[in-house]
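Chain residues, written in single-letter form:
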Amino acid sequence: LGKAIKNHEVFRNVAIYTGAETIRATVVGAGIHTTNVSGSTIAYSPDKLPIKNIPVITVSPEEEYKLETLSNSILRQLPLYYSEGRLEQVAISLSGNYHTSFKEIQKLAEAIMKGTTEIINSKHSLILIVENDIGKVLGNALNVLLERRKDVICIDGIHAQAGDYIDIGEPIAGGRVLPVITKTLIFNF
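To start, this report covers the structure provided alongside it. Treat the numbers as computed from the prediction; the structure is a model and nothing was measured.

Reading the values: the criteria
Residues numbered from 1 in each chain as written. Predicted model: local features only at pLDDT ≥ 70, side-chain atom pairs only at ≥ 80, totals over all residues. Heavy atoms only, no water. Helix = DSSP H or I, 4+ residues; strand = E, 2+ residues; numbered from the N terminus. Buried < 20%, exposed > 50% of the residue type's maximum accessible area, 1.4 Å probe, protein only. Contact = heavy atoms within 4.5 Å. Areas by Shrake-Rupley, 256 points an atom, 1.4 Å probe, with all protein chains shown as cover. Lys, Arg positive; Asp, Glu negative; His and termini not counted. Salt bridge = Lys/Arg side-chain N within 4 Å of Asp/Glu carboxyl O. Polar contact = N/O pair within 3.5 Å; in protein donor to acceptor, adjacent residues only side chain to side chain. 1 Å grid on protein atoms, 1.4 Å probe; cavity = no way out; pocket = protein on both sides within 12 Å on 5 of 7 lines; lining within 4 Å. Points joined across faces, edges and corners; volume = space filled by probe spheres on them. Pairing = 2+ DSSP bridges. Axes fitted to C-alpha atoms, helices over the stretch in contact; angles between N-to-C directions. Parallel < 35°, antiparallel > 145°, perpendicular 65-115°, else oblique. Left-handed = near helix turned anticlockwise from the far one by under 90°. Nonpolar A, V, L, I, M, F, W, Y, C, P; charged D, E, K, R; others polar.

Focus: the overall build of the protein chain
No. 1: A tally of regular secondary structure across the protein chain gives six helices and nine strands.
No. 2: Looking at the protein chain as a whole, 39% of its 189 residues qualify as buried.
No. 3: Long-range pairs, those at least 24 residues apart, make up 76% of the contacts in the protein chain with a sequence separation of at least 6.
No. 4: Summing over all exposed atoms, the protein chain offers an accessible surface of approximately 11300 Å²; the carbon and sulfur share of this is 54%.

Notes on the side chain of D164
No. 1: The residue D164 is located in the loop between strand 7 (152-156) and strand 8 (165-168) in this model.
No. 2: With no salt bridge to any partner, buried D164 finds its closest opposite charge in K183, at an N-O distance of 11 Å.
No. 3: Here the side chain of D164 touches Q161 through a polar contact of 2.8 Å, landing on its backbone nitrogen.
No. 4: In this structure, D164 is in contact with I54, P55, V56, T182, K183 and T184, ignoring residues within four places of it in sequence.

With respect to the side chain of H99
No. 1: If you trace the backbone, H99 turns up in the loop between strand 5 (91-94) and helix 4 (102-115).
No. 2: Looking at H99, the relative accessible area reads 9%, which means it is buried.
No. 3: At a separation of 3.0 Å, a polar atom in the side chain of H99 contacts the main-chain carbonyl oxygen of E64.
No. 4: A distance of 3.4 Å separates a polar side-chain atom of H99 from the backbone oxygen of Y65.
No. 5: Not counting residues within four places of it along the chain, the set of residues in contact with H99 comprises E64, Y65, L67, E104, I105, L108 and I134.

Quick word on the layout of surface pockets
No. 1: Taken as a whole, the largest pocket encloses approximately 200 Å³ of empty space.
No. 2: What lines the largest pocket is a set of 14 residues, among which A43, Y44, S45, N143 and R148 lie closest to the centre.
No. 3: By residue number, the principal contributor to the lining of the largest pocket is helix 6 (residues 135-145), which donates three residues.

Side note on the pairing of strand 2 (residues 51-58)
For a regular strand, the rule is simple: side chains alternate between the two faces of the sheet.
No. 1: Of the strand pairs in this sheet, strand 2 and strand 8 are connected by three bridges, and their pairing is antiparallel. Note that in strand 8 the partner of P55 across the bridge is Y165.
No. 2: The sheet contact formed by strand 2 and strand 5 spans three bridges and is parallel. Paired with V56 across the bridge in strand 5 is A91.

Things to note about the packing of helix 3 (residues 67-77) against helix 4
No. 1: For the pair helix 3 and helix 4, the least separation of the axes is 8 Å and the interaxial angle reads 30°. If you check the angle between helix 3 and helix 4, you find them roughly parallel. Between helix 3 and helix 4 lies a crossing of right-handed hand. Here helix 3 contributes L67, L70, S71, I74 and L75 to the contact with helix 4, which in turn contributes K107, L108, A111, I112, K114 and G115.
No. 2: Class assignment of the residues belonging to the contact of helix 3 with helix 4 gives a composition of seven nonpolar, two polar and two charged.

Any link to function would need more than the numbers given here.
Listed below in structure tokens is the structure:
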């Protein structure tokens, strides 16, 4: 069908251009994307946005429940995102359902720091995607622990899974909202 369309007389004089940007895909998969907004309870470094095609690491709810297993889950997954011996920029996704009081969020921030030492020591921003509405307080807790020496982007109200890629756009609505695109590859086995 593609060859028939390409060779049809209507399309013979049409210029064909290669896309400037693409998402990562394979010959056996196709992608879908969803657009959401994360706003009002977010923490971010405005000079680090927009960012595109950031792979997502997901901490499962079972691993997130205990802070020790949360740290270990992140540490175990980071080596999957090395390119030429160096860690790529990644985003870490968690539900944020288990540690919601102020005191618990402080402990959650400490556990995240344990698991993300390599990111903290790299040139990359620390990016967190949280489903529950705790992005701002978690981002602020991390900024305090890091003494603002590291750029932290912490968004909430977004569901992302392992294998997804995210784009986070420039702030809108007076800086209160960030547009977020979640790209998921779909495979037919």
